[in-house]
Amino acid sequence: MTAEPITTATNFLAFLGLVSTLMIVWRQNWAGRRRLFVVQSLLLAALATTIAVYGHRAELFLVAAIVVLLKAWLIPRILGRMAAGTPPRPVAPGRSAGLSLLAVGSLIVAAYVIMLPVTTVSDLPTVGGIPLTFAMALIGLFVTVTGRDVLGHILGFLMFENGIFGLALLATYGLPGIVEAGVFLDLLVIVLIMEGVVLRIRREHDSIAVDRLRELRG
Amino acid sequence: MSLVVVLATPLVGAILLVVARGIAARVLHLLATVLTAAAAGAVAVQVSHAGSIVALGGLFRADGLSAWMIGLIALVSLLAAIEAPYTVPSAAVGRFRPLFHLFVFTMLLAVATDDVGLMWVAIEGTTLASVFLVNLERSRASLEAAYKYLLICSVGVAIAFIGTVLVYFADIHQFGHEAHALRWTTLVRLAPGLPPRVVELAFVFLLVGYGTKAGLAPMHTWLPDAHSEAPAPVSALMSGVLLSVGVYALVRFKTVVDLSGGPEFTQRLLLALGLTSIATAAVFLWAPTNYKRMLAYSSIEHIGVVCLGLGFGGLAGVGGAVLHVANHALAKSALFVLSGRIRAAYGSAEISAVTGLLGTMPVTGGLFLLAMLAIMGLPPFGLFVSEVLIFSAGFQSGHGIIAATGLLLLVGAFAGLLRNAHRMLYGTPAPAIVDVPGLRSAVPTGLALLLLTLTGVAWPPGLAAALDHIARLLGQ
């Protein structure tokens, strides 16, 4: 049986998306991680375009354009501004990427198990990529939770959001316009607020490592 | 019409207040607050006559539950706005006013829209609007609280987004791309045909996500920090209604999931998280050092009680939970605004720094004592009645062990609260501190307590019918 082109294309793009996610976990250099995030966002834009073409959803062309503009250009620029002044250093000192990658590998297995109710009922041609994008989201969550500084938190959150976006694309061929618009707006505002908070934290604490944030206990 | 006004007023008010200065800002602030409350009252009256009202082609819709929430949000924001001059530093008023109205707008939008996607956007918006309110005093501790709040709630609400996507997937998988597939009314209509395993999976994500916003343990960790560092009127809004907005979102989805696969699944999860929340709060209520944190943990306890009510189900359980949301909103917002006055007078939020409150500030202290008795669930206040409703529903629905455990934990929380309130209220009065002058300042919180005695001893006509109506709306 030959697969339909949409199946091949979306599976391949979702797979590449997961690979880019794994590479973000593996890379310890902030600038390299930021570039990989751009790659991941571009892959999602390609995914949206693919579904727009084969799934006949014209509005997804617009969504893809916004993804390129927002997640591959504007937000990475803001991230660059936030990182300016932080000396490049290992993201998680004292921890090897090997252990993280092992944890991430089990998250991929977990993603397949958790998404079973969805993949068993679905007859969509894009169903193969659903666990892969969900794994991207879970790994993003993992990066957020294990992040040692504010930049790690925000990058993890953005990866998490990218994964959910990919999941929504593959499972529903895009959400209603008003929701999609709200999501993009929320994301931009979150990043801008985070930038403001980072500036304040840097001024108050001379560092953005979250270990310094320990005034509130109990 | 009134539905559009109730949403537009705080939004327009917030935008105008960004540019307004001086006396114009004061007038605008007052006008926006009063108009919002009046429009909310109009919505409540219309809904009580018509059952439900819609606007903008059904995008906005208020049924009994929405009207209940709109009324509560308006009431608590009125109280918070009246009390704000006592506790918000004058240097920060310019930032406080527009953000305050924006915050109120996002909460109203979340409960007044029929579209669960837009509801998600609005609930995310509540975080974004209130994060700088938490950080209003610009101290190190409040910055840390704001950061934790933004990060944890954004991640939480993003998890709820996965749930929303899965519900949408189930919907279009079964019924194709029909218009308004994410409207709650559409979902309820189609629910019996949705694949139960998928919507149950969705509910797990929604419970973790919106549960974070509602302050359910173990996703509650942002809550004590944000509530204790925010200025008192903001804490009142957050604790009084923001948490309930999170519960509201859960209740909407619970109705859909119950119609799809039966109520046992959601009930089990809600009972488990409810009990965990009450237990967590009971432990932390024993030895809090800061009285605003103590009030925050008490909110976790009461949200847990609400979840138990929803989990026990039936007209008494769900009706009791809805009533408990209102009772808690009134009592806790009164407590938070009073705690703001206490903090302004004593210059500290530490329990050990406050002694002899009743002697030092007789009016504020007296009201604080009454509100504490209310929040502990003692008669004649409303929380006693709603807790009796909820726990009797538990025993009647065959959840005797869970109800008994919940009651025991409640007694533990009660003892903790009593012990700490006693430390604050009695003892040697602090000499150099004077109370906020005049009995007039006691009127707003006094009225809130009066309303609480109404729900406690003499239900106004129509209240029982309204609670029944809301519980039936939610599939009971």
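Refer to the preceding data block for the structure.
Because the structure is a prediction, the values reported are computed rather than measured.

(A) Main features of the overall build of chain A. If you tally the helices and strands in chain A, you get eight helices and zero strands. Listing each helix as α and each strand as β along chain A from the N terminus yields α-α-α-α-α-α-α-α. Counting all 218 residues of chain A, 55% fall into the buried class. The long-range share in chain A, meaning contacts at least 24 apart out of those at least 6 apart in sequence, stands at 75%.

(B) Spotlight on the overall build of chain B. If you tally the helices and strands in chain B, you get 19 helices and two strands. On C-alpha atoms alone, chain B measures out to a radius of gyration of 21 Å, which is about the 23 Å that the 2.2 N^0.38 rule sets for 476 residues. Oriented by its inertia axes, the alpha-carbon framework of chain B measures out at about 70 × 55 × 45 Å. Relative to its full complement of 476 residues, chain B shows a buried share of 64%. Long-range contacts, defined here as pairs at least 24 residues apart, represent 79% of the contacts in chain B between residues at least 6 apart. Element-wise, carbon and sulfur atoms account for 71% of the exposed surface of chain B, whose accessible area totals about 15,100 Å². Taking the 24 positively charged and 19 negatively charged side chains of chain B as two groups, their mean positions are separated by 8 Å.

(C) Region of the structure containing the environment of B:A230. Residues and elements named next belong to chain B. Considering the arrangement of structural elements, one finds A230 in the loop between α9 (222-229) and α10 (232-261). Its relative accessible area of 0% is what places A230 among the buried residues. Sequence-wise, A230 and I303 are 73 residues apart; in three dimensions their C-alpha atoms are separated by 20 Å. Sequence-distant contacts of A230, that is, excluding residues within four places in its chain, are made with L133, V134, S235, M238 and K292.

(D) Summary view of a nonpolar patch on the surface. On the surface, A:V53, A:Y54 and A:F61 cluster together to form a nonpolar patch covering roughly 280 Å² of accessible area. Assignment of secondary structure puts A:F61 in helix α3 (residues 59-83).

(E) Looking closely at the environment of B:H101. Residues and elements named next belong to chain B. Structurally, H101 is set in helix α4 (residues 93-112). For the pair H101 and A20, spaced 81 residues apart in sequence, the C-alpha separation works out to 14 Å. Look past the residues within four positions of H101 in its chain and what remains in contact with it is P10, A14, L17, H29, A32 and T33.

(F) Quick peek at the environment of B:G163. All names here are of chain B. By the element assignment, G163 lies in helix α6 (residues 140-175). By relative accessible area, which is 0% here, G163 ends up buried. Along the backbone, G163 and V208 are 45 residues apart, and their C-alpha atoms lie at a distance of 9.5 Å. Ignoring any residue separated from it by four or fewer positions in sequence, one finds G163 in contact with A202, F205 and L206.

(G) Broad picture of the packing of aromatic side chains. According to the stated counting rule, one finds seven aromatic pairs over all chains in the structure shown. Between A:F134 and B:F205, the ring centres sit 5.7 Å apart and the planes meet at 85°, which makes this aromatic pair edge-to-face. In this pair, A:F134 sits in helix α6 (residues 130-146) while B:F205 sits in helix α8 (residues 196-214), so the two residues belong to two different chains. Taken individually, A:F134 and B:F205 each receive the classification buried, so the pair is uniform in this respect. Here the guanidinium or amino end of A:K71 rests over the ring plane of A:F165, the centre of that ring lying 4.4 Å away. Of note, B:R252 hangs over the ring of B:W184, and the distance from its end group to the ring centre comes to 4.3 Å.

(H) Highlighting α3(A). Relative to the 36 Å expected for 25 residues at 1.5 Å per residue, α3(A) spans 34 Å between its end C-alpha atoms, a close match to the ideal helical length. Of all bends in α3(A), the biggest is about 30°, found at A:I75, and the proline A:P76 comes one to four residues later.

(I) Helix α1 (residues 5-26) of chain A, seen in detail. All names here are of chain A. The terminal C-alpha atoms of α1, which comprises 22 residues, lie 31 Å apart, in line with the 32 Å expected from a rise of 1.5 Å per residue. Taken together, the buried positions of α1 are occupied by I6, T7, T10, L13, A14, G17, L18, S20, T21, I24 and V25. Each buried residue of α1 lies within a common arc of 165° when the element is viewed along its axis, so the set occupies one face. Buried positions along α1 lie against α2 (30-54), α4 (97-114), α6 and α7 (150-172).

(J) Here's a closer look at the state of the cysteines. All names here are of chain B. This structure, assessed with the given rule, holds zero disulfides over all chains. For the unlinked cysteine C153, the closest cysteine sulfur is that of C307, found at 16 Å. We classify C307 as buried; its relative accessible area is 1%.

(K) Representation of the interface of chain A and chain B. Contacts between the two partners involve 45 residues from chain A, matched on the other side by 46 residues from chain B. Linking chain A to chain B there are zero salt bridges. Linking chain A with chain B are two residue pairs in polar contact (both at pLDDT 80 or more). Counting residues per element, the ones that place at least two in the side of chain A that touches chain B are α5 (116-121), α6, α7 and α8 (177-205) of chain A. For the side of chain A that touches chain B, the element with the highest residue contribution is α8(A), accounting for 14 residues. Among the residues forming the side of chain A that touches chain B, the class breakdown is 29 nonpolar, eight polar and eight charged.

(L) Quick peek at the packing of helix α11 (residues 264-284) of chain B against helix α12 (residues 291-312) of chain B. Residues and elements named next belong to chain B. At their nearest, the axes of α11 and α12 sit 7 Å apart, and the two run at 155° to each other. One finds that α11 runs roughly antiparallel with respect to α12. For the element pair α11 and α12, the recorded crossing hand is left-handed. Mapping the contact onto sequence places Q267, L270, L271, G274, L275, S277, I278, A281 and F284 in α11 and Y297, I300, E301, G304, V305, C307, L308, L310, G311 and F312 in α12. Taken together, the residues that form the contact of α11 with α12 break down as 13 nonpolar, five polar and one charged.

(M) Molecular detail of unusual backbone geometry. All names here are of chain B. At the junction of A217 and P218, the peptide bond is cis and its omega measures out at 5° in the coordinates. On the secondary structure map, P218 appears in the loop between α8 and α9. The linkage connecting P379 with the following residue, P380, adopts the cis geometry, with an omega of 10°. Within the secondary structure, P380 is located in the loop between α15 (362-375) and α16 (382-396).

(N) Structural view of the packing of α12(B) against α16(B). All names here are of chain B. It is the contact of α12 with α16, at a shortest axis distance of 8 Å, that shows an interaxial angle of 40°. On the basis of the axis angle, α12 is oblique to α16. Crossing hand, α12 versus α16: left-handed. Contacts from H302, V305, L308, G309 and F312 in α12 reach L383, E387, I390, F391, A393 and G394 in α16. Its residues assigned to classes, the contact of α12 with α16 shows seven nonpolar, three polar and one charged.

(O) Region of interest: the nonpolar core. All names here are of chain B. With 242 residues, the main nonpolar core has L3, I70, Y210, M238 and M372 as its most contacted residues. Per-element accounting of this core gives the leading share, 22 residues, to α6. For M238, the contacting residues outside a window of four places in its chain are F103, S130, V134, Y149, W222, A226, H227, A230 and L243. Membership of the second largest hydrophobic core comes to eleven residues, among which are L271, I278, F391 and A393.

Criteria and thresholds
- Residues numbered from 1 in each chain as written.
- Chains lettered and ligands numbered in written order.
- Predicted model: local features only at pLDDT ≥ 70, side-chain atom pairs only at ≥ 80, totals over all residues.
- Heavy atoms only, no water.
- Helix = DSSP H or I, 4+ residues; strand = E, 2+ residues; numbered from the N terminus.
- Buried < 20%, exposed > 50% of the residue type's maximum accessible area, 1.4 Å probe, protein only.
- Contact = heavy atoms within 4.5 Å.
- Rg over C-alpha atoms; globule rule 2.2 N^0.38 Å.
- Areas by Shrake-Rupley, 256 points an atom, 1.4 Å probe, with all protein chains shown as cover.
- Lys, Arg positive; Asp, Glu negative; His and termini not counted.
- Charge placed at Lys NZ, Arg CZ, Asp CG, Glu CD.
- Patch = residues over 30% accessible without salt bridge, like charges linked within 9 Å, V, L, I, M, F, W, Y side chains within 5 Å.
- Salt bridge = Lys/Arg side-chain N within 4 Å of Asp/Glu carboxyl O.
- Phe/Tyr/Trp six-rings, centres within 6.5 Å; stacked < 30°, edge-to-face > 60°.
- Lys NZ or Arg CZ within 6 Å of the ring centre and 35° of its normal.
- Expected span 1.5 Å × (residues − 1).
- Bend = angle between axes of the 7 residues up to and from the residue.
- Arc of directions from axis to C-beta.
- Disulfide = S-S within 2.5 Å.
- Polar contact = N/O pair within 3.5 Å; in protein donor to acceptor, adjacent residues only side chain to side chain.
- Nonpolar A, V, L, I, M, F, W, Y, C, P; charged D, E, K, R; others polar.
- Axes fitted to C-alpha atoms, helices over the stretch in contact; angles between N-to-C directions.
- Parallel < 35°, antiparallel > 145°, perpendicular 65-115°, else oblique.
- Left-handed = near helix turned anticlockwise from the far one by under 90°.
- Core = buried A, V, L, I, M, F, W, Y, C linked by side-chain atoms within 4.5 Å.

Treat this as a map of the structure, not an account of what it does.
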